[in-house]
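# Tertiary structure, described
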Amino acid sequence: MPHRLGMECLDSPPQFQIGMQESTRKVTKNIGFLTVRHHELHGFFGGYLIVNELARPLEFHCTLPILPTRAQQILYGNTLNEFVCGEQIARALVTKAKTIPDALLADSLAVLTLRHMHSVPIGFIDTLQAGDSGMNRPASGRTEYRRFKALGHPMAVLPEYESDCGFFSSLFAQGKPPLDLLEPFGRIEEALQEAHPATKAA
Amino acid sequence: MYDPSSHDIQRPVIHTSWSCEPWKVDFAESTFSFEDEDGTQANVQINPDLSQYKLDSLWQAPRVLPIQLSQTLPKTIGFTFPESPQWTPPASAKESVPPSTSKPPSKDLLTVTSSDEGSDEDQVAKPRITRIRPPGDLVRLEDRLYYVLQPPLETLVQSAKLTFPFQPFPYQMEGIAFLFPRSAAILADEMGLGKTMQAITSIRMLLLSGELQNVLLVCPKPLVTNWMREFRQWAPEIPLAIIEGDSAKRNWIWTNPQAPVKIANYELMMRDHEILHEQGLHFDLVVLDEAQRIKNRNSSTSEIIRSIPRTRSWALTGTPIENSVEDLVSIFEFLSPGYLRDDMHLKSLGKATRDYILRRTKDKVLTDMPPKLFRPAELELTSDQRASYKSAEEDGIIQLSEMAESVTIHHVFELVLRLKQICNFDPVTGASAKLERLEADLEEVAASGQKAIIFSQWVETLEVLNERLAKYHPLQYHGRIPSNKRDGVIDQFKNNPKNKVILMSYGAGAVGLNLQFCHYVFLFDRWWNPAVEDQAINRAHRLGVKQPVTVTRMMSLETIEQRIHDVLEQKRDLFNTLFAETGTPQNLGLNQKEIFGLFGLNVPKYQVKAA
């Protein structure tokens, strides 16, 4: 007995240059949450949820599973996860979104390389553990990060973008947002399991 | 990767599949394969035995052969939520919501706080979250993700600035999260756990989210005022329309678009169902309170209720099964016609209904709620009663036996009722073992400043008790009390310390009343159905009760009451079996055979219908 819901499926999302629409940002605080998970059999999955300041979802995007090629494994070595998570999956997700958020939060350090090709500050926030799915959080081969705390949460940014620390601190300090900064990652993980049922833990 | 510059003396030749001249092609040994998403392939073969290579020409600097990796990004699926910005309460709501002043009823109450609350920045409190999960019958991915990606209920409540008279219990939030996404649902919580509040809050949130525009709530007539009161308490900003008055007025109310929630009673639906069809009314949601009222699917009430045009259907009942699984099947005919069949195996039934029914019991969710203390009062009849009883039973059985094949279930019922009345009072002398016990107990109740509810199935019995218990200033609440005076009776019982006792019939007092200030319940006689008895008991044992509720079940030993008691216990087993999904019950209810069997009679051959 399903009923029609008012959700629009984006079959052909608009393509645009990442980070070129700074001037069109809204005044309200929209935050994008990026998750990349690795499944032993199916490879890497990405999910991207943009919520408004009331935590209501504005957009959701997820990738089809991808397996790195042998060439990528050889060429990127121990930076493979940064390449796949940040430059491939996260980049694809933020490119497809209509809404440009004020900030991006990721629960994996490997995603932070997106910052090299995206103007919106992106910070890692430690969610301590992934959900109870059969998917893991990809590790990062890099060891140097600029670490700080915001709203009591351990966070990190790429050291090349140290000014992002101040950005996040001031962003969260301004409005004391009612947003739970960790909870949306749980939603993404459940959505990934809905979209890719084969990844559900037995 | 292979690096040609590392060989100083005899430089190796690299053979590739895409460059043949002037190089020779040799795919003999180790090969690296490169493959990108766009299908480009490159094979680089390197033979570690350099001696087999020979220069075809003079020394040349090695050519650089770039391997192009595809820059194609992964494919994505995307969804937008166009209605999200609309999710805010109407301006008037924020103004009209009364401040939360009452204290929470429990220290374990859910706390709706953001994670940054608190003075210590390093301490991140982990707030409790209740997720809305998509129902099993939602198939399309975008429909399922719509619910999966909604924020937790606590966040929705907080962001919409909704206030409650007191903080809902966690299990109540779970109940709201259960109802919110469902087109078809039965909220079957045990009486007293707050089904009304959960339904109202779900309706409130769905109205605010724009998913509902108009709702019809159907309840028993005596409960209309109770629903109005609960709506005022839990959703004061929602305009209500009560279907009442003469035909012209009702016609106007039905078509009034100003009130998104309309409340009608079952009896009235019998008269007004044609208006619905004539006016072409359609409801986004129809909620049935005390949905066991449609347990007989062939009754006109059930047929009329099922014909109401609607999108969503919810049923609220503490007793989805009163007699047999057919009761549940009938309710599902309202929710999802044809989904269940009477002949389904109990385990199949349990599996099929699992996603549609939410049932919690007090012992599971309210571990800190004061308990119900059952005190069976198994009494010997007085000598007068015993003599009358013996005579009536023997005469009755002889009469039934003499009727042979012409005996009907009504004849048996008549005898049962006559015997049960003798168990209450001797018809000649008025002697009553139950009353003696009751008077003794009430002295203690009154002396401790407490109040008591006394249930009987007969108004005549209640009127006798009214005379015999006059010193406790009893009040009466039953079918002969006009409905417009009943609220006043409850108020008086609650507020006047002189009135220590209220006398209630099961029919009028079993549902919808909140008497949790009362800690003693007496079942002067037993109803046919344990579910109705439970409802009666739970008038007192419900949310907000501060002390244990003592329930005294009176039963005359070695009488028809004891035999009925045994059957009732079997019914209770049936109910527990279905919802525990374990095993199969010994007996599916009080059937015709068992009713005849109360007197050792056999069912006449021509009577095959169930009672």
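Residues numbered from 1 in each chain as written. Chains lettered and ligands numbered in written order. Predicted model: local features only at pLDDT ≥ 70, side-chain atom pairs only at ≥ 80, totals over all residues. Heavy atoms only, no water.

### Focus on the overall build of chain B
To keep it simple, the criterion reads: Where helices and strands are cited, they refer to DSSP runs of H or I of at least four residues and of E of at least two residues respectively, numbered from the N terminus. Each residue is assigned to one of three classes by its accessible area relative to the maximum for its type, calculated with a 1.4 Å probe on protein chains only: buried under 20%, partly exposed between the two thresholds, exposed over 50%. Contacts between residues were defined by any pair of non-hydrogen atoms, one from each residue, lying within 4.5 Å. For the accessible areas, the method is Shrake-Rupley and the probe is 1.4 Å, while residue cover comes only from the protein chains on display.
Secondary structure summary: chain B contains 21 helices and 17 strands in total. The buried share among the 611 residues of chain B stands at 54%. Within chain B, counting contacts between residues at least 6 apart in sequence, those at least 24 apart form 73% of the total. Entry remark: accessible area of chain B is about 28,000 Å², with carbon and sulfur atoms responsible for 51%.

### Digging into the pairing of strand β7 (residues 146-150) of chain A
Test applied: At least two bridges found by DSSP between two strands is the condition for calling them paired.
In this sheet, strand β8 (residues 153-157) of chain A lies alongside β7 of chain A in antiparallel orientation, the contact comprising 5 bridges. Following the sheet pairing, Lys149 of chain A is matched in β8 of chain A by Pro154 of chain A.

### Describing helix α5 (residues 195-208) of chain B
All names here are of chain B. In plain terms, the rule: Residue count minus one, scaled by 1.5 Å, sets the expected span of a helix.
The terminal C-alpha atoms of α5 lie 20 Å apart, and with 14 residues this matches the ideal 20 Å at 1.5 Å per residue to within 8%. Counting buried residues along α5, 14 of its 14 residues qualify, which places the element largely inside the surrounding structure. Positive phi shows up at Gly210, right after α5, with a value of about 85°.

### A short note on the pairing of strand β3 (residues 43-51) of chain A
Residue and element names in this part refer to chain A. Burial within β3 is extensive, with 9 of its 9 residues counted as buried. Here 9 bridges tie strand β2 (residues 31-39) to β3, and the two strands are oriented antiparallel to one another. What sits directly across from Ile31, in β3, is Val51. Counting the residues that bridge the hairpin from β2 to β3 gives 3 residues. Pairing geometry for β3 and strand β4 (residues 57-63), over 5 bridges, is antiparallel. Note on β4: the bridge partner recorded for Ile50 is Glu59. The antiparallel pairing of β3 with β4 creates a hairpin that spans 5 residues between the two strands, and Ala55 there sits at a positive phi of about 75°.

### A word on unusual backbone geometry
Phi angles above zero are rare outside glycine, and Leu151 of chain A is one such case at about 55°. Assignment of secondary structure puts Leu151 of chain A in the loop between β7 and β8. Of the residues examined, Leu151 of chain A reaches a relative accessible area of 18% and is grouped as buried. Of note in this structure, His473 of chain B is not a glycine but carries a positive phi near 50°.

### Here's the deal with the nonpolar core
For soluble globular proteins, the rule of thumb is that nonpolar side chains tend to be buried together. To be explicit about the condition: The term nonpolar core refers to a set of buried residues drawn from Ala, Val, Leu, Ile, Met, Phe, Trp, Tyr and Cys, joined through side-chain atoms within 4.5 Å.
Formed by 78 residues in total, the largest nonpolar core has its most connected members in Phe60, Leu105 and Phe172 of chain A together with Ile203, Trp227, Phe231 and Ile263 of chain B. In terms of residue count, the dominant contributor to this core is α5 of chain B (8 residues). Ranked by size, the runner-up nonpolar core spans 42 residues in total, among them Tyr266, Ala315, Tyr356 and Phe575 of chain B.

### Section: the pattern of salt bridges
The following threshold applies: Each salt bridge in this description consists of a side-chain nitrogen of Lys or Arg and a carboxyl oxygen of Asp or Glu lying within 4 Å of one another.
This model, assessed by the stated rule, comprises 28 salt bridges over all chains. When the shortest N-O distance is used, the salt bridge between Arg526 of chain B and Glu533 of chain B registers 2.7 Å. Owing to a relative accessible area of 4%, Arg526 of chain B belongs among the buried residues under this scheme. Beyond isolated ion pairs, a larger network of salt bridges with shared partners links Glu183, Arg187 and Glu190 of chain A together with Arg131 and Arg133 of chain B.

### With respect to helix α15 (residues 433-447) of chain B
Residues and elements named next belong to chain B. Here is the rule: Think of a polar contact as two N or O atoms within 3.5 Å of one another; within protein, one of them needs to be a possible hydrogen donor and the other a possible acceptor, and neighboring residues in sequence only count if both atoms come from side chains.
Look at α15: 22 Å from first C-alpha to last across 15 residues, which is about the 21 Å you get at 1.5 Å a residue. The backbone nitrogen of Lys434 has a side-chain oxygen 3.4 Å away, supplied by the residue at the start of α15, namely Ser432. After α15 finishes, the residue Gly449 shows a positive phi value of roughly 75°.

### Considering the sheet that holds strand β8 (residues 261-265) of chain B
Residues and elements named next belong to chain B. Strand order in this open sheet of 7 strands is β7-β8-β6-β9-β10-β5-β11, and the pairing throughout is parallel. Edge positions in the open sheet fall to β7 (240-242) and β11 (357-358), since each of these has one partner strand only. Judged from the 3 bridges that link them, β7 and β8 form a sheet pairing that is parallel. Paired with Leu240 across the bridge in β8 is Val261.

### Some remarks on the side chain of Glu59 of chain A
All names here are of chain A. Counted only if it meets this: For this count, His and the chain ends are skipped, Lys and Arg are scored as positive, and Asp and Glu as negative.
Along the polypeptide, Glu59 turns up in strand β4. Notably, Glu59 is buried but unbridged: the nearest opposite-charge side chain belongs to Lys98, and the N-O separation is 6.6 Å. In this structure the side chain of Glu59 is engaged in a polar contact, spanning 2.6 Å, whose partner is the side chain of His61.

### Focus: the packing of aromatic side chains
Residue and element names in this part refer to chain B. Rule in force here: Note on aromatic pairs: the rings of Phe, Tyr and Trp (six-membered ring only in Trp) are paired at centre separations within 6.5 Å, and the planes decide the class, stacked below 30 degrees, edge-to-face beyond 60, tilted for the rest.
Enumeration according to the criterion identifies 19 aromatic pairs over all chains in this entry. Relative to Trp527, the ring of Tyr506 lies with its centre 5.5 Å away and its plane at 40°, an arrangement referred to as tilted. Pair noted here: Tyr506 is in helix α18 (residues 506-509) and Trp527 is in the loop between β16 (520-523) and α19 (530-537), with a separation of 21 residues, a long-range link. Accessibility expressed as a relative area gives 2% for Tyr506, which makes it buried. A residue is classified by how much of its surface remains accessible, and Trp527, at 24% relative accessible area, is partly exposed.

### Brief notes about the environment of Arg271 of chain B
Note that Arg271 of chain B resides in helix α8 (residues 266-278). The exposed category is assigned to Arg271 of chain B, whose relative accessible area is 57%.

### Re the environment of Asp289 of chain B
Residue and element names in this part refer to chain B. Turning to its location among the elements, Asp289 is positioned in strand β9 (residues 283-289). Relative accessible area serves as the criterion here: at 7%, Asp289 is assigned to the buried category. Sequence separation between Asp289 and Trp314 is 25 residues, and the spatial gap between their C-alpha atoms is 8.7 Å. Beyond its immediate sequence surroundings of up to four residues, Asp289 is in contact with Val218, Cys219, Pro220, Leu223, Trp227, Tyr266 and Leu316.

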